[in-house]
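One letter stands for each residue in the lines below.
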Amino acid sequence: VGGNGSSAGSSGIPEPVISAPGVPVPAMKYAAAYFHNGAAIDVGGNLWTTGVAVGGESGIGECDPECSYSPYARKILTDAQGNPFTNIAYVVALAQSSDEGNDRTGWLALKENGTIWIWGTPGALLGNGTEFIDAIVPKPTQIPMPGCPAGVKQIIGGDYITVLCADGTVWSWGNVYAPNLGYPATSLQARTPHKLDTLSTIVQIAGGKGFNYAITA
């Protein structure tokens, strides 16, 4: 599933990722991976994905079952509105496990203009107030952040999302594990971004499963 052109997967030794037989991908500046999926940003700000995509993780759109896996890297050309999906600054993997044993996975991307985008099977991480637990989001879809008018500066994700806005405020939403979201949650899922009122003038955030850190100015 590594994008080396082989349906058998990796040989166990380093191999170049290719976009077609004998065709290398462009020079890359950042890469991320999880489970059986990978994503990378090329020097032109385009996003490429590899691996299994049964839950829309490829971001290339609706396709038949033959398209659920490709041995090659695939560039995401457009977002859910049909606009060019370019100027990507950063990407993080999203991974959630349900009580039924069905993993929900996807990607969260930050554009250079400070907007954030999501695709895959994001569940409550979609951030629009609804709960599409097993619904597939096949192409990058923007997460509305009206409380962050200057744009997003940093993103971290997993089974919940935390973002740092350019104005130094911090927002979080997603699946609740004890106090991981940074505010008293009233249910097992927070389905819209919530501002952490106790934090301000933050310059960097970090986190893991169930905890977060913030650095003040």
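Residues numbered from 1 in each chain as written. Predicted model: local features only at pLDDT ≥ 70, side-chain atom pairs only at ≥ 80, totals over all residues. Heavy atoms only, no water.

Describing the overall build of the protein chain
- Across its full length, the protein chain carries zero helices and 16 strands.
- Looking at the protein chain residue by residue over its 217 residues, the buried ones come to 46%.
- If you take every contact in the protein chain between residues at least 6 apart in sequence, the share linking residues at least 24 apart comes to 47%. (Helix = DSSP H or I, 4+ residues; strand = E, 2+ residues; numbered from the N terminus. Buried < 20%, exposed > 50% of the residue type's maximum accessible area, 1.4 Å probe, protein only. Contact = heavy atoms within 4.5 Å.)

Some words on the nonpolar core
- Membership of the largest hydrophobic core comes to 43 residues, with the highest contact counts inside it found for Leu47, Leu108, Ile116, Met145, Ile161 and Val163.
- For this core, the element with the most residues is strand 12 (residues 160-165), which contributes five residues.
- If near-sequence neighbours (up to four positions away) are discounted, Ile116 is found in contact with Leu108, Ala109, Leu110, Thr141, Gln142, Ile143, Met145, Val152, Ile155, Val163 and Trp173. (Core = buried A, V, L, I, M, F, W, Y, C linked by side-chain atoms within 4.5 Å.)

A short note on the sheet that holds strand 13 (residues 170-175)
- Here four strands make up an open sheet; going across it, the order is 11-12-13-14 and the pairing antiparallel. Each edge of the open sheet carries a strand with a single partner, namely strand 11 (152-157) and strand 14 (189-195). Going across the sheet, the axis of each strand differs from the next one's by a mean of 10°, ignoring polarity.
- The sheet contact formed by strand 12 and strand 13 spans five bridges and is antiparallel. Opposite Tyr160, over in strand 13, you have Gly174 as the bridge partner. (Pairing = 2+ DSSP bridges. Axes fitted to C-alpha atoms, helices over the stretch in contact; angles between N-to-C directions.)

Digging into the state of the cysteines
- Within the structure shown, the criterion is met by one disulfide.
- The disulfide partner of Cys148 is Cys165, and the gap between their sulfur atoms is 2.2 Å. Residues Cys148 and Cys165 are joined by a disulfide whose S-S torsion is about -140°; by sign, that bridge is left-handed. With Cys148 in the loop between strand 10 (137-142) and strand 11 and Cys165 in strand 12, the pair connects residues that are 17 residues apart, well separated along the chain. (Disulfide = S-S within 2.5 Å.)

Focus on unusual backbone geometry
- One non-glycine residue, Asn87, lies in positive phi territory at about 60°.
- Within the secondary structure layout, Asn87 lies in the loop between strand 6 (69-75) and strand 7 (88-97).
- A relative accessible area of 40% places Asn87 in the partly exposed class.
- Backbone geometry at Thr201 places phi at a positive 50°, although glycine is not the residue there.
- By the secondary structure assignment, Thr201 is in the loop between strand 14 and strand 15 (202-208).

Geometric values such as these leave the question of function open.
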